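# A look at the structure
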Amino acid sequence: MTELRIVRSRRKTLALQVLPTGEIVARAPLRLPERDIHAFAEQHAAWLEAAVARARAGSRAAQRAGILSEAELQRLRTAAQADLTERVTRLAARMGVDFAGITIRAQRTRWGSCSARGSLSFNCLLMLAPPEVREYVAVHELCHRKQMNHSAAFWREVALWLPDYAAQRAWLREHGPALLGRLPET
């Protein structure tokens, strides 16, 4: 297995993350022994290898597609603000939920997020994805207005509003690293 970067914080659980660069990050509680972190990573070695391979393939695809300029990112932000505001407003009314506002960013690791106060944030790179993928991310974040977690109840809620969500989620897993790799280095 490749090198593992450990990031400790006041969290209670251990999580593994593969960045678009292919780097493996272990997010760990402050006092968890390093040997336990490495053992956890070894238990998930097959998943990590596949995720690193996807990230590297995405990085190669991003290199072929090219890094986005600041002007291109601004056009994506503007388009995302219009598209996702309309999409979220329509879906929220249908789903019977509210939201506090929408922010568009160029994020390296997320497609969307929902705060406890109902503020939604979306990645402008979603504009490079098919419309049905944007619909999935919007539904996903709005479902957090009912379930602020990724429990079985949350996924049932997502499936209620978007029965084919798994196909869109799979599209993001396969093509997302290439899109994220198009962001300029900061």
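In this text the structure is predicted, and so the values were computed from the model without any measurement.

### Remarks on the nonpolar core
If you look at the biggest cluster of nonpolar residues, it comprises 36 residues, and the most contacted ones within it are Trp111, Phe122, Leu125, Tyr136, Leu142 and Val158. Sort the elements by how many residues they give to this core and helix α3 (residues 70–95) lands first, with eight residues. Excluding residues that lie within four positions of it along the chain, tryptophan 111 makes contacts with Ser121, Phe122, Asn123, Leu125, Leu126, Val137, Leu172, Gly176, Leu179 and Leu180. In terms of nonpolar packing, the next biggest core, distinct from the first, is built from 13 residues, Ala26, Ala28, Val52 and Ala55 among them.

### Describing the sheet that holds strand β4 (residues 101–105)
Strands sit in the order β4-β6-β5 across an open sheet of three strands; the sheet is mixed. Every other strand in the sheet has two partners, leaving β4 and β5 (112–114) as the edge strands with one partner each. For this sheet, the mean angle separating the axes of adjacent strands, direction not counted, is 15°. Note: β5 against strand β6 (residues 119–123), three bridges, orientation antiparallel. Each residue of the ladder has a partner; that of serine 113, found in β6, is serine 121. Here helix α4 (residues 131–143) sits on the sheet and contacts β5 and β6; the angle it forms with β6, its principal contact strand, is near 155°.

### Focus on the packing of α4 against helix α6 (residues 165–180)
Any two packed helices are characterised by the angle at which their axes cross and by the distance between the axes. Where α4 contacts α6, the axes come no closer than 9 Å and their chain directions differ by 105°. Considering the angle they form, α4 stands roughly perpendicular to α6. Residues Glu132, Val133, Tyr136 and Val137 of α4 pack against Tyr165, Gln168, Arg169, Trp171 and Leu172 of α6. Of the residues belonging to the contact of α4 with α6, the class tally is six nonpolar, one polar and two charged.

Each value, and the rule that gives it
- Residues numbered from 1 in each chain as written.
- Predicted model: local features only at pLDDT ≥ 70, side-chain atom pairs only at ≥ 80, totals over all residues.
- Heavy atoms only, no water.
- Core = buried A, V, L, I, M, F, W, Y, C linked by side-chain atoms within 4.5 Å.
- Buried < 20%, exposed > 50% of the residue type's maximum accessible area, 1.4 Å probe, protein only.
- Helix = DSSP H or I, 4+ residues; strand = E, 2+ residues; numbered from the N terminus.
- Contact = heavy atoms within 4.5 Å.
- Pairing = 2+ DSSP bridges.
- Axes fitted to C-alpha atoms, helices over the stretch in contact; angles between N-to-C directions.
- Parallel < 35°, antiparallel > 145°, perpendicular 65-115°, else oblique.
- Nonpolar A, V, L, I, M, F, W, Y, C, P; charged D, E, K, R; others polar.

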